[in-house]
Amino acid sequence: MPRGKKVRKSDRPAAARQRALRPPEGAIRTQPGAPQANLLDLPEAVELLRTTRPTFYRWLRAGKLKGMKVGRQWRFERSEIYRFLAGQPPRIELPTDIQPFIATLLQRLKEAGAPAPRLEGLGPAEQATCLIVALGVAQHASDVHLTTHQEPGGASSVTVVRLRLDGALEEIARLDSRLMPALAAEFKRMAACDVNEKVRPQDGRVMATLAARGPGKSERSVDFRVNFTPSVLGEMVTLRILDRSKVRLDIESLSYAPPDGERLLRALSAAWGTILVVGPVGCGKTTVLYACLQHLAGPARKVVSIEDPVEFTLPWVSQVQLRPGLSYAALGRSLLRSDPDVIMIAELRDAETAWLAHQAALSGHLVLSTLHTNDAPSALTRLVEMGLHPFVVGDSLKLVVAQRLARKLCPHCSVAETPSRDRLDRAQELARRGGLDWTSLQPGFRQAVGCEKCSRTGYRGRVPIAEMLEASPESGKALREGATADELREAAIRQGMTTMAADGIRRAADGQTTLDEVTRALGAGVIHQAGAEKG
């Protein structure tokens, strides 16, 4: 060891520290309800552990130590200190029986055909959280929601566990709301959040190792983003599941119509310009951007991205996480000095970022980003409303991709359907107005039924409903002349664009989804618009 280097007490080997701090023979080990004399204040607990206050607070925030607040002072039971020294987790006292909830989760896992995770040596709250995570992954959910709601009549409250399956929420279990604080605390420990913070929102991340599903398969790791938000009835817990093994990040897996796929590849082959992916939250914008980056990245190009947060790491892409106190524009200016070929900015949140993105495109970079608009033509007018000059937007923009995600029919249980004459007439009018030739379709409409393979929903997986506005001299001229979004849409249709509504009709006619699902994904107003205008 170098001379003069001080060894911190916390750097000692764990076994040596535990031997040094082992409670003496005959020491009183308190049980719940022990006399007040066996409670330690903060200085006494720090002294007993022979550590420093910062280290002690770090253990306390991480949930490795259990304490209680008496006014503004902390108190600790000796038994909890000794449990920590023995390498045991804090003892969690549940106000009611959690076993019925655990049994429900095990039954749902069995119905999904997934193996139960290893629960040996885990406490009841730990078992419940592990089962919730395993069930979310087994059901291919994108999110898991734990929320507390008031029962009808207002007499009591209940906590509901729901999964977002193919964009729709489905309830999987209920439990006594008195158990929710224990589950929230366990998720906080998993996500390295402060278990004692219940007033402010928190965000964390968990890497979970899941058991193999079937012989010859190995365990796999799944990434979870966890959010804790306080509400009137207690904290809400939301888990975003990022399972890389279930996601294909390539252009072919996007499943666009052949003409739209060709437009996207043509825009990606450009040496400079801006490509925008627009739509609401949850429509697959990030997946499209990642697929485009995967297509572009390689040893011959320098590809950089600014993201908040980074969901998946990509080969040959330098990904930068947005930090508090920094903006997309500030990081973007720095990245422009690093000589990139391709820049991905996760979102054009303000006018400064939008201006920087388009200036970078005009100076010879290929820029990819997202924007929150309802359709592709609205993206052009939105940029002008944000303060960009129409000639800058018209000159730098190469392509705008707008999309929604519709649930895909389960191939095991869907059956043929013949829509009513009124619905077919409305669909035909909508297709015609959206630039789709109805006579080129071979109607094969189907309807959802539901089976065990699709969890009785009738749907399994999702398909994009998209429209792609390819920039042209005509669209640039119309924008400079102050054209509205509707006028830009009509001009784009004349140049070959197929609207989202028409693309949804095409997918329904191909038997990939249903007319009802297209209506749900796009909104009833869009579907009934053609019929209203026809009348």
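Computed from a predicted model, the values in this text were never measured in an experiment.

A. Structural context of the confidence of the model for the protein chain. For the protein chain, the mean per-residue pLDDT works out to 85, and 89% of the residues sit at or above 70. Counting contacts from residues 4-13, a segment whose pLDDT is below 50, to residues more than four positions away or on other chains yields 5 contacts. Contacts for the low-pLDDT stretch residues 16-36, under 50 throughout, to residues beyond four places or in other chains number 26 contacts.

B. Quick peek at helix α2 (residues 42-49). Along α2, the residues classified as buried are Leu 42, Ala 45, Val 46 and Leu 49. Considered in projection along α2, the buried side chains sweep an arc of 100 degrees and stay on one side of the axis.

C. Looking closely at the sheet that holds strand β11 (residues 303-307). Reading across from one edge, β12-β11-β13-β14-β10-β15-β18 is the order of the 7 strands in this open sheet, with mixed pairing throughout. Each edge of the open sheet carries a strand with a single partner, namely β12 (317-321) and β18 (459-470). The mean inter-strand angle of the sheet, taken between neighbouring strand axes irrespective of direction, is 20 degrees. As defined by bridge partners, β11 adjoins strand β13 (residues 342-345) across 4 bridges and the pair is classed as parallel. In the strand pairing of β13, Ser 305 is matched with Met 344. The sheet strands contacting helix α18 (residues 515-522) are β15 (397-409) and β18, and the helix crosses β15 at an angle near 130 degrees.

D. A look at unusual backbone geometry. Backbone torsion omega between Asp 308 and Pro 309 reads 0 degrees, so that peptide bond is classified as cis. Structurally, the position occupied by Pro 309 is in the loop between β11 and β12. A positive phi is found at Ala 192, a non-glycine position, where the angle reads about 60 degrees. Relative to the helices and strands, Ala 192 is located in the loop between α7 (180-190) and β7 (202-210). Taking relative accessible area as the criterion, Ala 192 reaches 69% and is therefore assigned exposed.

E. Region of the structure containing the packing of helix α17 (residues 500-509) against α18. Their axes nearest at 9 Å, the elements α17 and α18 cross at an angle of 155 degrees. In terms of their interaxial angle, α17 and α18 are classed as roughly antiparallel. Like other packed secondary-structure pairs, α17 and α18 cross with a definite hand, here right-handed. Note on element contacts: α18 touches α17 through Leu 515, Val 518 and Leu 522, opposite Met 500, Ala 501, Gly 504, Ile 505 and Ala 508. By residue class, the composition of the contact of α17 with α18 is 7 nonpolar, 1 polar and no charged.

F. Region of interest: the packing of aromatic side chains. Going through the model one piece at a time under the given rule, you end up with 4 aromatic pairs. Look at Phe 56 and Phe 76: their rings are 5.1 Å apart centre to centre, the planes differ by 90 degrees, and that puts the pair in the edge-to-face class. Taken together, the residues span a long stretch of sequence, with Phe 56 in helix α3 (residues 53-61) and Phe 76 in strand β3 (residues 73-77) at a distance of 20 residues. Given the relative accessible area of 0%, Phe 56 is considered buried. For Phe 76, a relative accessible area of 1% puts it in the buried group. A centroid spacing of 4.8 Å and a plane angle of 50 degrees characterise the contact between Trp 59 and Phe 84, whose relative ring orientation is tilted. Pair noted here: Trp 59 is in helix α3 and Phe 84 is in helix α4 (residues 78-85), with a separation of 25 residues, a long-range link.

G. Main features of the sheet that holds strand β9 (residues 234-242). Ordered by their spatial adjacency, 6 strands build an open sheet running β6-β5-β4-β9-β8-β7, and the pairing between neighbours is antiparallel. Whereas interior strands pair on both sides, the edge strands pair on one side only; in this sheet they are β6 (168-176) and β7. Adjacent strand axes in the sheet meet at a mean angle of 25 degrees, parallel and antiparallel pairs treated alike. Looking at chain direction, strand β4 (residues 143-150) and β9 are connected through 4 bridges and run antiparallel. Across the sheet, residue Leu 146 finds its bridge partner in β9, namely Val 237. Across the face of the sheet, helix α5 (residues 99-111) comes into contact with β5 (157-165) and β6 while running at roughly 145 degrees to β6. Sitting on the sheet, helix α6 (residues 124-138) touches β4, β5, β6, β7, β8 (220-231) and β9, and the angle it makes with β8 is about 115 degrees.

H. Inspection of the environment of Lys 477 at higher detail. Inspection of the secondary structure assignment puts Lys 477 in helix α15 (residues 473-480). Residues Lys 477 and Phe 391, 86 residues apart in the sequence, show an inter-C-alpha distance of 8.3 Å.

I. How the structure looks around the environment of Leu 60. The residue Leu 60 is located in helix α3 in this model. Between the alpha carbons of Leu 60 and Asp 194 there is a distance of 8.0 Å; along the sequence they are 134 residues apart. Beyond its immediate chain neighbours, meaning those up to four positions away, Leu 60 contacts Leu 65, Gly 67, Trp 74, Phe 76, Val 195 and Asn 196.

Procedures and definitions
Residues numbered from 1 in each chain as written. Predicted model: local features only at pLDDT ≥ 70, side-chain atom pairs only at ≥ 80, totals over all residues. Heavy atoms only, no water. pLDDT = per-residue confidence, 0-100. Contact = heavy atoms within 4.5 Å. Buried < 20%, exposed > 50% of the residue type's maximum accessible area, 1.4 Å probe, protein only. Helix = DSSP H or I, 4+ residues; strand = E, 2+ residues; numbered from the N terminus. Arc of directions from axis to C-beta. Pairing = 2+ DSSP bridges. Axes fitted to C-alpha atoms, helices over the stretch in contact; angles between N-to-C directions. Parallel < 35°, antiparallel > 145°, perpendicular 65-115°, else oblique. Left-handed = near helix turned anticlockwise from the far one by under 90°. Nonpolar A, V, L, I, M, F, W, Y, C, P; charged D, E, K, R; others polar. Phe/Tyr/Trp six-rings, centres within 6.5 Å; stacked < 30°, edge-to-face > 60°.

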